[in-house]
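Given next are the chains, with one letter for each unit.
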Amino acid sequence: MGRYLNVGLIQMPAKEDTAESLKLLETALEKLMAGYHRPELVVGVECIQCFTPEKIPGPTSDYFASLAKKYGVYFIPGTVYEYSEEVPEGMSYNSAPIYNPKGELVDVYRKIAPWYPSEEFAYPGNRYVVFDIPEKDTKVGVQICYDLNFPEISRNQMLMGAEVLVKLTMDPEELYELNKHVHYTRALENQAFLVSTNCVGQYGAFQMYGHSQVISPEGHLLWEGEQEEAIATVTLDLDEVSRCREYGSKFMDHYVQHLRLFHPPMPFADDVAKAPVFDNLPEAEKTAQEYQAKLEADGILNLGKRIVPAEPVEAYKKKLDEFLKERGF
């Protein structure tokens, strides 16, 4: 028998109201686990808890752990905004906690590439996360959304042994055509499975496009959602990764093997800011206000005023507390 991993995907809306997001997550997970083709690793979406940041571990983290233990699965429920003394005041990490079937917190991946200027309150993480699933003799790398657009992140996770790259996403409609080919490229160049989940529905000023995907190491689409809520369990044949890396994709292209053979030089790996391309390129703005000011100054955006809605954050916190209290946390 080979090595097989059943991955459950939850394509759902992310709500500003955390309690509503958790209800959707809980229902979808219960439905996934009720099927005969049940998952062993379950992955949610980005930003299911943005307006009610917490520390990890914390009450919501304990709730996630209980779900992993209840169903006996590896569980990446979604991303949360995480309080930390390590970051400047008013900022948080955009974090993906990871749980094992015993309900233990295995690790926390903190988004390395926040989507500035939209994600201006997110502080960049600085550590790759690849976790073990010893029952399958495999390793899984975890990313969040914009991370996938930086090939260095996937490449380093592959070099750390990842056979599966998991990406939790909140991507708007405008980026569908821009990003859809990136998913295939990351799978192919790293000879790894790519599991990408994306939100659906409206969030703030954006409509999320869904289209969660599972792509094989040879670039075959194994499953794709559409633009509404969806759940799916997809079986990954992990030996396909081993075969591609040893004998080549299509028994022809040896991307991983040849990386070691050619050892391409990376002259700016120690400090990319030293690269000549940045000599005459200004730094990107980190806040929406700064970005809008630049566009206006350059005559690109001269009409319309940005409205910043006042979110009822205290009400969201209260509802989250009530939700967790109902479940014993």
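What counts, and at which threshold
Residues numbered from 1 in each chain as written. Predicted model: local features only at pLDDT ≥ 70, side-chain atom pairs only at ≥ 80, totals over all residues. Heavy atoms only, no water. Helix = DSSP H or I, 4+ residues; strand = E, 2+ residues; numbered from the N terminus. Expected span 1.5 Å × (residues − 1). Buried < 20%, exposed > 50% of the residue type's maximum accessible area, 1.4 Å probe, protein only. Arc of directions from axis to C-beta. Pairing = 2+ DSSP bridges. Axes fitted to C-alpha atoms, helices over the stretch in contact; angles between N-to-C directions. Salt bridge = Lys/Arg side-chain N within 4 Å of Asp/Glu carboxyl O. Contact = heavy atoms within 4.5 Å. Polar contact = N/O pair within 3.5 Å; in protein donor to acceptor, adjacent residues only side chain to side chain. Patch = residues over 30% accessible without salt bridge, like charges linked within 9 Å, V, L, I, M, F, W, Y side chains within 5 Å. Areas by Shrake-Rupley, 256 points an atom, 1.4 Å probe, with all protein chains shown as cover. Core = buried A, V, L, I, M, F, W, Y, C linked by side-chain atoms within 4.5 Å.

S.K.: What should I look at first to understand helix α8 (residues 313-326) in this one?
M.R.: An α-helical turn contains 3.6 residues, so a residue and the one three or four places further along point in the same direction. Here α8 contains 14 residues, and its C-alpha end-to-end distance of 20 Å stays within 8% of the 20 Å for a straight helix at 1.5 Å per residue. The complete set of buried residues in α8 reads Tyr316, Leu320, Phe323 and Leu324. What you see down the axis of α8 is that its buried residues fit within an arc of 90°, all on one side. Turned more than 90 degrees off the buried face of α8, the exposed positions are Glu314, Lys318, Asp321, Lys325 and Glu326.

S.K.: Before we go on, may I ask you to explain the sheet that holds strand β8 (residues 164-169) in this structure?
M.R.: Sheet strands pair by backbone hydrogen bonding; their relative direction is either parallel or antiparallel. Taken in spatial order, the six strands make up an open sheet running β6-β7-β8-β9-β12-β13, and their pairing is mixed. Sheet topology places β6 (130-133) and β13 (221-224) at the edges, where each strand pairs with a single neighbour. On average, each strand axis in the sheet is tilted by 15° relative to the strand beside it, whichever way the strands run. Bridge analysis of β8 against strand β9 (residues 193-198) gives six bridges, and the strand direction is parallel.

S.K.: It is not clear to me how the environment of Ala310 should be interpreted in this structure. Could you clarify?
M.R.: Turning to its location among the elements, Ala310 is positioned in the loop between α7 (288-297) and α8. Here the alpha-carbon distance between Ala310 and Leu32, two residues 278 residues apart in the chain, equals 36 Å.

S.K.: Help me out: how do you make sense of the pattern of salt bridges in this one?
M.R.: A side chain of one charge can pair with a side chain of the opposite charge when the charged atoms of the two come close. Applying the stated criterion across every chain, the model contains 20 salt bridges. Arg3 serves as the salt-bridge partner of Glu163, at 2.9 Å between the closest nitrogen and oxygen. Within this pair, whereas Glu163 is found in the loop between α3 (151-159) and β8, its partner Arg3 is found in the segment before β1 (4-11), the two being separated by 160 residues in sequence. The same class applies to Glu163 and to Arg3, which are both buried. Between Lys136 and Glu40 there is a salt bridge, and its shortest N-O distance comes to 2.7 Å. Taken together, the residues span a long stretch of sequence, with Lys136 in the loop between β6 and β7 (138-144) and Glu40 in the loop between α1 (18-33) and β2 (41-54) at a distance of 96 residues.

S.K.: Teacher, can you tell me more about the side chain of Ser92 here?
M.R.: Within the fold, Ser92 resides in the loop between β3 (74-82) and β4 (93-99). When its relative accessible area of 6% is taken as the criterion, Ser92 is described as buried. Sequence-distant contacts of Ser92, that is, excluding residues within four places in its chain, are made with Pro53, Tyr81, Glu82, Tyr83, Val87, Phe121, Ala122 and Tyr123.

S.K.: Would you mind showing me how to read the side chain of Asn198 here?
M.R.: Mapped onto the secondary structure, Asn198 falls in strand β9. Judged by relative accessible area, which is 2%, Asn198 ranks as buried. Here Gly210 takes part through its backbone oxygen, which lies 3.0 Å from a polar atom of the side chain of Asn198. Non-local contacts of Asn198, meaning those with residues more than four positions away in its chain, are made with Gln11, Met12, Val45, Thr169, Met170, Asp171, Tyr209, Gly210 and Ser212.

S.K.: Looking at this structure, I do not really get the sheet that holds β1. What am I missing?
M.R.: A sheet is described by the order of its strands in space; here six strands give the open sequence β5-β4-β3-β2-β1-β14, paired in mixed fashion. Each edge of the open sheet carries a strand with a single partner, namely β5 (105-110) and β14 (230-237). Here the strands of the sheet are splayed against their neighbours by 25° on average, with no regard to which way each runs. Where β1 lies against β14, eight bridges are found, and the strand directions are antiparallel. Looking at β14, one finds that Asn6 is bridged to Thr235. Together, β1, β2, β3 and β14 form the strand contacts of α1, whose direction differs from that of β2 by roughly 165°.

S.K.: It is not clear to me how a nonpolar patch on the surface should be interpreted in this structure. Could you clarify?
M.R.: Taken together, the side chains of Phe268, Val272, Val277, Phe278 and Leu281 make up a nonpolar region of the molecular surface, amounting to roughly 460 Å² of accessible area. Following the sequence through the fold, Phe268 ends up in the loop between α6 (255-262) and α7.

S.K.: Can you walk me through the environment of Tyr109 in this structure?
M.R.: Mapped onto the elements of the fold, Tyr109 is located in strand β5. Taking the C-alpha atoms as reference, Tyr109 lies 24 Å from Val256; in sequence the two are 147 residues apart. Filtering out sequence-adjacent residues up to four positions away, Tyr109 remains in contact with Asn94, Ser95, Ala96, Arg127, Val129, Val142, Gln143, Ile144 and Asp147. A polar contact of 2.7 Å, which involves the side chain of Tyr109, links it to the side chain of Asp147.

S.K.: Explain the nonpolar core here, please?
M.R.: A general trend in soluble globular proteins is that nonpolar side chains are found buried together. Counting 36 residues, the largest nonpolar core has Ile10, Leu29, Phe64 and Phe75 as its most contacted members. Elements represented by at least two residues in this core include exactly α1, β2, α2 (59-71), β3 and α8. Top element by residues in this core is α1. It accounts for seven residues. Contacts of Phe64, omitting those with residues within four sequence positions, involve Leu22, Leu25, Ile48, Phe75, Pro77, Val80, Pro97 and Tyr99.

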